[in-house]
Amino acid sequence: MKLIVAGATGFVGSEVVAQAIAHKSITSVIALSRRPLSEPPFNHPKVKVVVLEDFEKGYTPEVIEQLKGAEGCCWALGAKSTGGDKTRRVNLNYALSACNAFRTLPLSSPTAKFRLAYTSGIITERDQDKNLWIMSDMRKIGGEAETKLIEYAKEADAFETFILRPGGIRPKEGKMLPDCIVGSFNVRVDEVAATLIDCAVRGDEGGRDTLENADIARRGRELLGRAAEK
């Protein structure tokens, strides 16, 4: 399977690339980037960097040609700015433009689906009428993005969206916390990356389109445990 990674140079995205290189089901990794990348891990033979100068309008025929064969994407690109325009452009417009491009890619079989695993956040709010005291615009735009990406998948053929809503993402060198604490706000970056990849490759056996922090931490921990055993 060919996997696309958006936000590949970021904290979460770089861990996704590293794990995808080692993943036996992934044959190649496409890292979307605004600039050429030659440093590790982007110089690995399994990785191809596709330069996308404009994440909203830059999916040219040449770019689409390089994406062909992909059937999944781990989306780890987002704006932390509280400015409404930038947050909407990056978190919503970029993602929807990508979906429109990914939907044109040929699939390997009539039953195959393209799967988008999208990194959101625990504080996003889908209720656009709710009064929020803190970071209202950013949280509601994030919630709007979640809603529209889920609706997009429902309306599109052979397309699935999985929303991951992690809390505070910690370095993978940190200690694993007890389950009673994991269920609240903390998760390690390697647990997030493992869950993103698994959703893009296999979907969700429980039929969920949204995974909360506790779901991500426990699923990631299980996946990493399996990988260690192998």
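As shown above, the structure is provided for reference.
Model, not experiment: these values are computed from the prediction. (Residues numbered from 1 in each chain as written. Predicted model: local features only at pLDDT ≥ 70, side-chain atom pairs only at ≥ 80, totals over all residues. Heavy atoms only, no water.)

So, about the pairing of strand S5 (residues 114–119). Side chains on a regular strand alternate between the two faces of the sheet. Among the 6 residues in S5, 6 count as buried, and that is most of the element. Pairing of strand S4 (residues 70–75) with S5, which is carried by 4 bridges, proceeds in the parallel orientation. By the bridge assignment for S5, Cys74 is matched with Ala117. Strand direction decides the pairing type here: S5 and strand S6 (residues 159–165), joined by 6 bridges, are parallel. Within the sheet, the bridge partner assigned to Ala117 lies in S6 and is Phe162. Running through helix H4 (residues 136–155), the crossover from S5 to the neighbouring parallel element S6 is right-handed. (Buried < 20%, exposed > 50% of the residue type's maximum accessible area, 1.4 Å probe, protein only. Helix = DSSP H or I, 4+ residues; strand = E, 2+ residues; numbered from the N terminus. Pairing = 2+ DSSP bridges. Right-handed = clockwise from strand over helix to strand, strands pointing away.)

Moving on, we get to the environment of Ile64. For Ile64, the location among the structural elements is in helix H2 (residues 61–67). Separated by 38 residues in the primary sequence, Ile64 and Ile26 have C-alpha atoms spaced 19 Å apart.

Moving on, we get to the environment of Pro40. Checked against the element boundaries, Pro40 lands in the loop between strand S2 (28–33) and strand S3 (47–51). Judged by relative accessible area, Pro40 falls into the exposed class, the value being 62%. Remark: the alpha-carbon pair of Pro40 and Phe185, spanning 145 residues in sequence, is separated by 31 Å.

Strands sit in the order S3-S2-S1-S4-S5-S6-S9 across an open sheet of 7 strands; the sheet is parallel. Each having just a single partner strand, S3 and strand S9 (210–212) make up the two edges of the open sheet. Neighbouring strand axes in the sheet, compared pairwise and without regard to direction, differ in orientation by 20° on average. Two elements, strand S1 (residues 2–6) and S4, share 5 bridges in a ladder whose sense is parallel. (Axes fitted to C-alpha atoms, helices over the stretch in contact; angles between N-to-C directions.)

For the structure shown, the criterion picks out 18 salt bridges. A salt bridge links Lys113 to Glu160, with the nearest nitrogen and oxygen atoms 3.2 Å apart. Placement of Lys113 in the loop between helix H3 (84–102) and S5 and of Glu160 in strand S6 is noted, with a sequence separation of 47 residues between them. Given a relative accessible area of 21%, Glu160 falls into the partly exposed group. A salt bridge links Arg202 to Glu205; its shortest N-O distance comes to 2.9 Å. It is possible to trace a salt-bridge network through shared partners that takes in Asp198, Arg202, Asp204, Glu205, Arg208, Asp215 and Arg219. (Salt bridge = Lys/Arg side-chain N within 4 Å of Asp/Glu carboxyl O.)

With that settled, consider unusual backbone geometry. Residue Pro41 is bonded to the preceding Pro40 through a cis peptide linkage, with omega at 5°. Structurally, the position occupied by Pro41 is in the loop between S2 and S3. Not every positive phi belongs to a glycine, and Met135 is a case in point at roughly 50°. Even without being a glycine, Ala158 presents a positive backbone phi close to 55°. Overall, Ala158 belongs to the partly exposed group, its relative accessible area being 31%.

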